[in-house]
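Secondary and tertiary structure notes
Here are the chains, one letter per residue:
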2 protein chains.
Amino acid sequence: MKLATVLSLAVAVSAYCCVPPVKPAGPEGHAHTFNFDYEGETGPLNWHHIDRDNSQCAHGKHQSPIDISSNSVTIAPRGSVRINIPKASTAKLENLGSGLEVVLTNGSLTTPNGNYQLAQFHWHTPSEHRISAQHSPMEAHFVFKDAASRIAVVGFLIELSETGSSTCLFDSIFSLTDAVYHPGEYVHTGPLDFTEVNHHLDLNPPYQYSGSLTTPPCTEGVSWYVSSEPMLLSVRSYNKAKRLLKFNARYIQNTLGAENLLQVAED
Amino acid sequence: MKLATVLSLAVAVSAYCCVPPVKPAGPEGHAHTFNFDYEGETGPLNWHHIDRDNSQCAHGKHQSPIDISSNSVTIAPRGSVRINIPKASTAKLENLGSGLEVVLTNGSLTTPNGNYQLAQFHWHTPSEHRISAQHSPMEAHFVFKDAASRIAVVGFLIELSETGSSTCLFDSIFSLTDAVYHPGEYVHTGPLDFTEVNHHLDLNPPYQYSGSLTTPPCTEGVSWYVSSEPMLLSVRSYNKAKRLLKFNARYIQNTLGAENLLQVAED
């Protein structure tokens, strides 16, 4: 076998070996899509004009995403913030137009401020948060709610691996993107294993701060936990996901407590 | 030899085999840096307040970058736009704070509107232009000027290769990023070969439109030529460059001729 053949085989294996079997893929029906986008007059600079409920997007002073380098952001004590999402036999994968979302409610988040139940998880590309001005090519958001509908989000920055290694959970889901390529399509996945996600947060205590939803209506009072170390993704999965996600990251907001950048721009 | 060893060797070779010898690396002195940035009150939403010369950044109506999907953008006839940059024995590589720039004046751009001389080239990550709402992880800008100081820029969108193949010119330059890691540092490169860049534009006629500089003072009347097919980069070089470039892309502007998005946001 020629080296080139060994190499291409090895790369193919390393990129896919961790993908569990998935259900036959093809859109199964239509999901809800949103009226906002990431460019022009439906983009982030104008979200506050799309709907009057979105006024926080222009006037809030504790908006997300932020650059994680300010004094308002601290690292949580090790073990104080824990995700526990058991294996799922299936979950609904939806193309929302503004992004790709997995609806799954069987999972929990424990924090010093309270306990939350998983609602969904989704991705942004490029990343929304930055660490010391550095962005990542992608970011995953696991969204949790408590009994009073308060929201906590765990963000995982995702860097690209130079060796072909990858996060199996993400490979597994992004292998289904062709089946939900068009906004509004959905499909049910095969089994999903969250061991890597649970484990990653245990090993890498997150940055914590109080911010907002990064999409309309930009509601504040969201408890953010952003993992201090990135997860890894193969280029193959990244390229597949990016073709669908396009560009779906809100621009970085002003320092927590400071005037909204859109207001600053007006003055 | 174990497969894992063959693989890591092969990946290392494929990522670096095209890098020509470079001069011993280490900062040689201090270059000029800029007073703008890509977040907070020195970021794109506020560039017009940093200096009164930057008013176009908020009030211009033909600003760059744009999403290349409008009727104002056409593909240039094949062969009508040509880059010719001969091999260079060395060039000055500078860390400007806002990005990484190679100063090189030996090269030309031929277009139906006139001929231009190379002034410098630099990179943005993620890409500034989008094609049908899709961004790329990086974009290279080759900046040319004519005798009357009119500006033409050739943009190459850069996608990440899944096989480890790469654009040798970029690998070669990004292998020097450690030597210019801090804003203001510069170094002289070893020999640079532009065959791939010249050839890529010959094979892939660019999109063309009239826009602006994407950095302050956001001057309009810039002739843009954006290659219709991406160039490829290895993840290794991408990660190396991204660590230095951080996030240095202006947010996408409104459709050509339409009111500036910052003005729309104010209304």
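Residues numbered from 1 in each chain as written. Chains lettered and ligands numbered in written order. Predicted model: local features only at pLDDT ≥ 70, side-chain atom pairs only at ≥ 80, totals over all residues. Heavy atoms only, no water.

**Things to note about the UniProt feature "domain: Alpha-carbonic anhydrase" (unreviewed entry) in chain A**
Inclusion rule: UniProt positions are given in the numbering used here, feature names are shortened, and annotations may be inferred rather than shown by experiment. Helix and strand assignments follow DSSP, with helices taken as H or I runs no shorter than four residues and strands as E runs no shorter than two, numbered in order from the N terminus.
Residues annotated in UniProt with the feature "domain: Alpha-carbonic anhydrase" (unreviewed entry) correspond here to residues 34–267 of chain A. Across residues 34–267 of chain A one finds 18% helix and 31% strand; the C-alpha atoms that close the span lie 31 Å apart.

**Let's talk about the state of the cysteines**
All names here are of chain A. Going by this rule: Any two cysteine sulfur atoms lying within 2.5 Å of each other are counted as a disulfide. Remark: exposure states derive from per-residue accessible area (1.4 Å probe, protein chains only) relative to the maximum for the residue type, with buried under 20%, exposed over 50%, and partly exposed in between.
Considering all chains together, one arrives at 2 disulfides over all chains under this definition. The disulfide that involves cysteine 57 links it to cysteine 218, with 2.1 Å between the sulfurs. Note on the cysteine 57 and cysteine 218 pair: the S-S dihedral is about 95°, so by sign convention the disulfide is right-handed. With cysteine 57 in helix α3 (residues 56–59) and cysteine 218 in the loop between β13 (206–212) and β14 (220–227), this pair connects stretches of sequence that are 161 residues apart. The two residues cysteine 57 and cysteine 218 agree in class, both being buried.

**Let's talk about a negative patch on the surface**
Let me state the cut-off plainly: Candidate patch residues must exceed 30% relative accessible area and have no salt bridge, after which like charges are joined if within 9 Å and Val, Leu, Ile, Met, Phe, Trp or Tyr side chains if within 5 Å. Using the Shrake-Rupley algorithm and a 1.4 Å probe, accessible areas are obtained, with residue cover drawn only from the displayed protein chains. For salt bridges, the criterion is a side-chain nitrogen of Lys or Arg within 4 Å of an Asp or Glu carboxyl oxygen. The charge count treats Lys and Arg as positive and Asp and Glu as negative. His and the chain ends do not count. Where a charge lies is defined by one atom per residue type, namely NZ (Lys), CZ (Arg), CG (Asp) and CD (Glu).
Together, Glu41, Glu259, Glu266 and Asp267 of chain A together with Glu41, Glu259, Glu266 and Asp267 of chain B make up a region of like negative charge exposed at the surface. Here glutamate 41 of chain B shows up in the loop between β1 (29–30) and α2 (47–50).

**Re the side chain of arginine 130 of chain B**
Stated precisely, the cut-off is as follows: Two N or O atoms count as a polar contact when they lie within 3.5 Å, although within protein this holds only if one can serve as hydrogen donor and the other as acceptor, and sequence-adjacent residues are included solely when both atoms are side-chain atoms. Any two residues having at least one pair of non-hydrogen atoms within 4.5 Å are treated as being in contact.
Mapped onto the secondary structure, arginine 130 of chain B falls in strand β9 (residues 130–131). Residue arginine 130 of chain B is classed as buried on the basis of its relative accessible area, which comes to 5%. Side-chain polar atoms of arginine 130 of chain B contact the backbone oxygen of tyrosine 38 of chain A, separated by 3.1 Å. Excluding residues that lie within four positions of it along the chain, arginine 130 of chain B makes contacts with Tyr38, Glu39 and Phe247 of chain A together with Ile66, Asp67, Ile68, His135 and Ile252 of chain B.

**Notes on the pattern of salt bridges**
In total, this model carries 14 salt bridges over all chains according to the counting rule given. Arginine 130 of chain B is paired through a salt bridge with glutamate 39 of chain A; the nearest N and O atoms lie 3.5 Å apart. Note that arginine 130 of chain B is positioned in strand β9 and glutamate 39 of chain A in the loop between β1 (29–30) and α2 (47–50), a pairing that runs across two chains. Note that lysine 87 of chain A and aspartate 193 of chain A form a salt bridge whose closest N and O atoms lie 3.8 Å from each other. Here lysine 87 of chain A, found in the loop between β4 (82–84) and β5 (92–95), pairs with aspartate 193 of chain A, found in the loop between β12 (185–188) and α5 (195–203); they are 106 residues apart in sequence, far enough to count as distant.

**Concerning unusual backbone geometry**
Residues and elements named next belong to chain A. The residue after serine 64, namely proline 65, is reached through a cis peptide bond having omega 5°. If you trace the backbone, proline 65 turns up in the loop between α3 and β2 (67–68). Cis peptide bonds are those with omega within 30 degrees of zero, and the linkage from proline 216 to proline 217 qualifies with 10°. Within the secondary structure layout, proline 217 lies in the loop between β13 and β14. The phi torsion at alanine 133 lies on the positive side, around 75°, for a residue other than glycine. Tracing the sequence through the fold places alanine 133 in the loop between β9 (130–131) and β10 (138–145). Positive phi, close to 55°, is recorded for lysine 246, a residue that is not glycine. Summarising the element assignment, lysine 246 is placed in the loop between α6 (235–245) and α7 (261–266). Lysine 246 gets classed as partly exposed once you look at its relative accessible area, which sits at 28%.

**Concerning the interface of chain A and chain B**
Stated formally: In short, buried area is how much 1.4 Å probe accessible area vanishes from two parts on joining, totalled over both. Charged residues are taken to be Asp, Glu, Lys and Arg, nonpolar residues to be Ala, Val, Leu, Ile, Met, Phe, Trp, Tyr, Cys and Pro, and polar residues to be all remaining types, Gly included.
At the interface, 44 residues of chain A touch 44 residues of chain B. Note on chain A versus chain B: buried area summed over both sides is about 4,100 Å², and carbon and sulfur give 58% of it. At the junction of chain A with chain B, the criterion picks out 4 salt bridges. Mapped onto the side of chain A that touches chain B, the elements with two or more residues apiece are α1 (3–16), α2, β11 (151–160), α6 and α7 of chain A. Residue composition of the side of chain A that touches chain B, grouped by class: 20 nonpolar, 12 polar and 12 charged.

**Description of the packing of aromatic side chains**
Applied cut-off: Any two rings among Phe, Tyr and Trp, with Trp reduced to its six-membered ring, count as a pair given centres within 6.5 Å; such a pair is stacked if its planes are under 30 degrees apart, edge-to-face if over 60, and tilted if neither. Charges are assigned to positions over rings by a cutoff of 6 Å between ring centre and Lys NZ or Arg CZ, combined with an angular limit of 35 degrees from the ring normal.
Scanning the model with the defined rule gives 22 aromatic pairs over all chains in all. A connected cluster of aromatic rings, assembled from ring pairs, spans Phe121, Trp123, Phe142, Phe156, Phe170, Phe174 and Phe194 of chain A. Positioned above the aromatic ring of tyrosine 186 of chain B, the side-chain terminus of lysine 92 of chain B is 4.3 Å from the ring centre.

**Details of α6 of chain A**
All names here are of chain A. Where burial is concerned, most of α6 is hidden: 9 out of the 11 residues are buried. Within the span of α6, buried status applies to Val235, Ser237, Tyr238, Asn239, Lys240, Ala241, Lys242, Leu244 and Leu245. Just past α6, the residue lysine 246 takes up positive phi, approximately 55°.

**Brief notes about the nonpolar core**
Here is the rule: Among buried residues, the Ala, Val, Leu, Ile, Met, Phe, Trp, Tyr and Cys ones that are joined through side-chain atoms within 4.5 Å form a nonpolar core.
Of all hydrophobic cores here, the largest spans 88 residues; its most connected members are Trp123, Phe142 and Phe170 of chain A together with Trp123, Phe142 and Phe170 of chain B. Sequence-distant contacts of phenylalanine 142 of chain B, defined by excluding residues within four places in its chain, comprise Ile85, Leu118, Gln120, Phe121, Ala152, Val153, Val154, Phe156, Leu169, Phe170, Phe194 and Val197 of chain B. Ile66, Val153, Leu157 and Tyr207 of chain B belong to the second largest nonpolar core, which has 14 residues in total.

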